[in-house]
Amino acid sequence: MLRSSHALLASLAVALPTAISAATQQSFKGEYTVSVHGLSVAKASFSSSYEGDTYSIEGSVSSAGLATIFDDTRGTVSSKGKISGKQLQPQAFRADYKSGDKASMIDIRFANGTVTATKVVPAPKKRNPKNWIPLAASHLASVLDPMAATVIHADSLDKVCGRTVKLYDGEMRANLTLTYESKGSTSVRGYKGDTVTCRLDFEPVAGYRKNRKSLDYLRKHSRITVTFAPVGQTGVYAPIHATVGTKIGTLTVSAERFEATE
C-alpha cells in the first residue's frame, strides 16, 4: 500500500509526462523502470489525456526481475482533475494493489484542492496517540495526490526547482522541497534535449508515527534527486529520471519512453 516512505517512492516511480491542452485533446505515454544496484525491481506504464482544462491519467505498476520472487505486487493507479492556471487541482485519485493474495486500495476525493474524503482498504490499525502525529483539517488543503505531485508547471527549466510540493498519500502529509542542483541533457524514446536536476528534501508533516526509522532516514540521510524534462511546448515539466538513497542502496527510476502519442 502507499504508506509513508513507500508513497514517496511510488510517486517518483509513477511520474509521467503531463501537459496542458488549450483547445484540442493531447495524449502522452510514459514507461519507467525502477532498479536497485542495477537490478530491475519494478516497471510502470502510464497513459495520460488532456483536453481543455481537464486531465486524466491511468497506469499500471508491477514488480519485475528478482523482486517478483520476494514480493509479486501488481496494481493500477488513476488520477483526474482540473488545470487552474499553472496548478493541477485533483478531483479523484485511486490506487489498487495486490501482493500475492493480499489486496489493498486507496481512494482520495478532492474539491477545489482540498481533500474531502479518503478511503483505505484494509483500514489502518488503531494508532497510539503517544507517538502518532495526527492530521488536522488544515493539512488537507492545497495538496496533491502522489501522481499530480510529480508534475511541475514553470515558465522555463530555470524555474522548475525552488518550490515546495504538498503531498498527501491517503494517510501521510509531507512536504517535498525542490532546490536547484544542475542542468544537463538526455535521450530516451520520444525525447532528446535539455533537463534540469533538483535536489528533493522530504519532510513529513502529519499522519505518521514518530521515530519511524524509514521516515527518519528519508528526512535526515537520504539523498534524493529528480531530473525533469519539458513535455513538448506546454510549459509542463515531468520527471525523466530520479534517484532515492535507501538503506539497501540507491533506488533509480528511469524513463524508457517519454513522448506524445497524439
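Residues numbered from 1 in each chain as written. Predicted model: local features only at pLDDT ≥ 70, side-chain atom pairs only at ≥ 80, totals over all residues. Heavy atoms only, no water.

An unreviewed UniProt entry lists the chain under the name DUF3108 domain-containing protein, with Mesorhizobium prunaredense given as the organism.

**A word on the overall build of the chain**
Per the secondary structure count, the chain includes 3 helices and 16 strands. Within the chain, buried positions represent 50% of all 262 residues. Across the chain, contacts joining residues at least 24 apart in sequence account for 56% of those joining residues at least 6 apart. Accessible surface, the chain as shown: approximately 12,400 Å² in total, 50% of it carbon and sulfur. (Helix = DSSP H or I, 4+ residues; strand = E, 2+ residues; numbered from the N terminus. Buried < 20%, exposed > 50% of the residue type's maximum accessible area, 1.4 Å probe, protein only. Contact = heavy atoms within 4.5 Å. Areas by Shrake-Rupley, 256 points an atom, 1.4 Å probe, with all protein chains shown as cover.)

**Brief notes about the pattern of salt bridges**
Going through the model one piece at a time under the given rule, you end up with 12 salt bridges. Two residues, Glu 31 and Arg 257, come together in a salt bridge whose shortest N-O distance is 3.6 Å. Within this pair, whereas Glu 31 is found in strand E1 (residues 26-36), its partner Arg 257 is found in strand E16 (residues 249-260), the two being separated by 226 residues in sequence. Here Glu 31 falls in the partly exposed class, since its relative accessible area comes to 23%. Arg 257 gets classed as buried once you look at its relative accessible area, which sits at 13%. (Salt bridge = Lys/Arg side-chain N within 4 Å of Asp/Glu carboxyl O.)

**Focus on the nonpolar core**
In terms of nonpolar packing, the biggest core is built from 64 residues, with Ile 152, Val 160, Phe 202, Phe 228 and Phe 258 touching the most fellow members. Every residue in contact with Val 160, bar those within four places of it in the chain, is listed here: Ile 152, Ala 154, Leu 178, Val 196, Cys 198, Phe 228 and Tyr 237. (Core = buried A, V, L, I, M, F, W, Y, C linked by side-chain atoms within 4.5 Å.)

**Section: the layout of surface pockets**
In this model, the second largest pocket occupies a volume close to 310 Å³. Taken together, 19 residues line the second largest pocket, and the ones lying closest to its centre are Gln 87, Leu 88, Ser 142, Leu 144 and Thr 164. Tallied by class, the residues present in the lining of the second largest pocket amount to 9 nonpolar, 7 polar and 3 charged. (1 Å grid on protein atoms, 1.4 Å probe; cavity = no way out; pocket = protein on both sides within 12 Å on 5 of 7 lines; lining within 4 Å. Points joined across faces, edges and corners; volume = space filled by probe spheres on them. Nonpolar A, V, L, I, M, F, W, Y, C, P; charged D, E, K, R; others polar.)

**Points about the side chain of Arg 257**
Side chain to side chain, Arg 257 and Glu 259 meet in a polar contact 2.6 Å long. Once residues lying within four places of it in the same chain are set aside, the contact partners of Arg 257 are Lys 29, Gly 30, Glu 31 and Arg 189. (Polar contact = N/O pair within 3.5 Å; in protein donor to acceptor, adjacent residues only side chain to side chain.)

**Thoughts on unusual backbone geometry**
Across the junction of Val 121 and Pro 122, the peptide omega takes the value -5 degrees, indicating a cis bond. You can see Pro 122 is positioned in the loop between strand E7 (114-121) and strand E8 (132-133). Located in the positive-phi region is His 37, a residue other than glycine, with phi close to 55 degrees. For His 37, the location among the structural elements is in the loop between E1 and strand E2 (39-51). Despite not being glycine, Asn 112 shows a phi value in the positive range, around 55 degrees. You can see Asn 112 is positioned in the loop between strand E6 (102-111) and E7.

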